[in-house]
Amino acid sequence: TIIADMFSNEKRMRMLIIYYLAVPIGSAMGYIVGSQVASAAGDCWQWAFRVTPGIGLFLAFLGVLIIQDPPRGAAEHALKHAAVGKGGLAAYWDDIKAICKIKSFIWSTLGFTSVTFVVGALAQWAPTYVRWASGVPGKKYMYSVEGSSFRFGVITVLAGILGSLVGGEVARWLGRRTKQANGIVCGVSMLVSAPLIYIALSIAHNRDYLTAAWVSVFLAELLLLFGWAPVSHLLLAIIVPTRRATAAAVQIFFSHLLGDAFSPFLLGVMSDKIRVKLPCDGCNLNHVPTPDQATAQEILNEETALRYALYTNAFVAVLGGAAFLRCCRYLAADMERASKNSRTDSDDDSEGGTDADALLSSSVAVDPVEPALTL
């Protein structure tokens, strides 16, 4: 929401594109650095988590020193629309009730929750699945845990950079032609990612097609990350400035609670339930063997159970794409309503000005608010 307060229109989309480059890069660097630190520490995974707190504290310190918090709605000169009368918890719940009445917000939140569900599940289980899938009789493996994590991290970096840049630019270009641009980009990209996820999982267990599986994973992640910047730009366009922080908090909370915080657990439980149903003579069904200790049948069962559980991601991607496309039905009306509620009297702005004007004029150039485009 700080970006929303500082920039408007197409410049805001470009700033969001740059901002969301940090998500895939940071996540992937976690895989790469974490796996290498754990390997250097004698396969002690705890050291991977001992490195990150220091980095986080350093960046938090920089944020306190550098980041300025502009007034709410400064880019739209919407300060005089700040809530008056009620305060504290009462005003907060009024905001929540108002936000939940916006249909495009509900559908876009469901769609974005699907994105985080799939991304979180793949982040947790894809390296493990490749480890099992590359197993052959004799307990030899093409990839170690560190090797598959490293490759998945590199793929996530590349897909994240390209996805954020291309997805944001496509949405920006399409936004000149239709108000539904952000919803269309998010929905179509998720729908196309679903078959790619299915293909990657279906061929990964065949070592002859493992490279093709990695390519499919890359394309699927590329499309999943198309929507990071557009979905945020969508939220900022349908919510009045004084409620954006609350709306963003609600969307982030539910997208993580039901998305990437929930999907790894759910798919892990599903994999365990499927595994105990598979035939395996002499196997201990209550114990998951390590790859180096597993028999050929146990390797096959672990791969099969986890693959079937991960197929859920393709189904969720279809649901998420449908939610984003459903969101498009309400976007035009909700954007127009937010624009009207945020619009200020031009005479007042020209006579008085605001603290936001002074802040923004001293730091960034703000695009003028342009009228919304219609189909």
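Residues numbered from 1 in each chain as written. Predicted model: local features only at pLDDT ≥ 70, side-chain atom pairs only at ≥ 80, totals over all residues. Heavy atoms only, no water.

S.K.: Can you help me understand the overall build of the protein in this one?
M.R.: Regarding its fold elements, the protein presents 15 helices and two strands. In the protein, which comprises 375 residues, the share counted as buried stands at 45%. A separation threshold of at least 6 residues defines the contact pool for the protein, and within that pool the share at least 24 residues apart is 83%. Just so you have it, the protein exposes about 18800 Å², and 65% of that area is on carbon and sulfur atoms. (Helix = DSSP H or I, 4+ residues; strand = E, 2+ residues; numbered from the N terminus. Buried < 20%, exposed > 50% of the residue type's maximum accessible area, 1.4 Å probe, protein only. Contact = heavy atoms within 4.5 Å. Areas by Shrake-Rupley, 256 points an atom, 1.4 Å probe, with all protein chains shown as cover.)

S.K.: I would appreciate a short explanation of helix 10 (residues 228–238) in the present structure.
M.R.: Every α-helical turn comprises 3.6 residues, leaving residues that sit three or four positions apart pointing alike. Within helix 10, ten of the eleven residues are buried, which leaves it mostly tucked inside the rest of the structure. Trp228, Ala229, Pro230, Val231, Ser232, His233, Leu234, Leu235, Leu236 and Ile238 are the residues of helix 10 that are buried.

S.K.: How should the environment of Ser108 be read in this particular structure?
M.R.: Its place among the elements puts Ser108 in helix 6 (residues 103–133). Between the C-alpha atoms of Ser108 and Leu234, which are 126 residues apart in sequence, the distance is 8.2 Å. Filtering out sequence-adjacent residues up to four positions away, Ser108 remains in contact with Val231, Leu234, Gln251, Phe324 and Cys327.

S.K.: Got a minute to help me understand the nonpolar core in this structure?
M.R.: One broad rule of soluble globular proteins: the nonpolar side chains tend to lie buried together. Formed by 69 residues in total, the largest nonpolar core has its most connected members in Phe105, Val118 and Ile238. Excluding anything up to four places from it in sequence, Ile238 contacts Ile102, Ser104, Phe105, Leu331, Asp334, Met335 and Ala338. (Core = buried A, V, L, I, M, F, W, Y, C linked by side-chain atoms within 4.5 Å.)

S.K.: Got a minute to help me understand the packing of helix 10 against helix 13 (residues 296–342) in this structure?
M.R.: When two helices pack together, their arrangement is given by the angle between the helix axes and by the axis-to-axis distance. Contact geometry of helix 10 with helix 13 gives a least axis separation of 8 Å together with a crossing angle of 40°. One way to sum up the angle between helix 10 and helix 13 is to call them oblique. Between helix 10 and helix 13, the contacting residues are Val231, Leu234, Ala237 and Ile238 on the first element and Phe324, Cys327, Leu331, Asp334, Met335 and Ala338 on the second. Grouping the amino acids of the contact of helix 10 with helix 13 by side-chain chemistry returns nine nonpolar, no polar and one charged. (Axes fitted to C-alpha atoms, helices over the stretch in contact; angles between N-to-C directions. Parallel < 35°, antiparallel > 145°, perpendicular 65-115°, else oblique. Nonpolar A, V, L, I, M, F, W, Y, C, P; charged D, E, K, R; others polar.)

S.K.: What should I look at first to understand the side chain of His233 in this one?
M.R.: You can see His233 is positioned in helix 10. Judged by relative accessible area, His233 falls into the buried class, the value being 16%. One polar contact links His233 to Asn182, side chain to side chain, over a distance of 3.3 Å. (Polar contact = N/O pair within 3.5 Å; in protein donor to acceptor, adjacent residues only side chain to side chain.)

S.K.: Would you explain the pattern of salt bridges in this entry?
M.R.: A side chain of one charge can pair with a side chain of the opposite charge when the charged atoms of the two come close. Enumeration over the complete set of coordinates arrives at eight salt bridges. We note a salt bridge from Asp94 to Lys97, for which the minimum N-O separation is 3.6 Å. With Asp94 and Lys97 both in helix 5 (residues 88–100) and three residues apart, the pair spans about one turn of that helix. Here Asp272 makes a salt bridge to Arg275, at a shortest N to O gap of 3.7 Å. (Salt bridge = Lys/Arg side-chain N within 4 Å of Asp/Glu carboxyl O.)

S.K.: For this particular structure, what's the right way to read the packing of aromatic side chains?
M.R.: Two measures describe an aromatic ring pair: the distance that separates the ring centres and the angle between the ring planes. Using the criterion set out here, one finds five aromatic pairs in the structure. Between Phe112 and Trp228 the ring centres are 5.2 Å apart and the planes differ by 85°, which places this aromatic pair in the edge-to-face class. One end of the pair, Phe112, is in helix 6; the other, Trp228, is in helix 10, and 116 residues separate them in sequence. Like Phe112, the residue Trp228 is buried in the burial classification. Seen in terms of ring centroids, Tyr308 and Tyr311 are 6.0 Å apart; in terms of plane orientation they differ by 35°. Their pairing is tilted. (Phe/Tyr/Trp six-rings, centres within 6.5 Å; stacked < 30°, edge-to-face > 60°.)

S.K.: What should I look at first to understand the state of the cysteines in this one?
M.R.: As enumerated under the stated definition, the model contains zero disulfides in all. For Cys186, which is in no disulfide, the shortest distance to another cysteine sulfur is to Cys327 and amounts to 8.3 Å. Here Cys186 falls in the buried class, since its relative accessible area comes to 2%. We note that Cys327 lacks a disulfide partner, and the nearest cysteine sulfur, in Cys328, lies 5.8 Å from it. (Disulfide = S-S within 2.5 Å.)

Just geometry here; none of it tells us what the structure is for.
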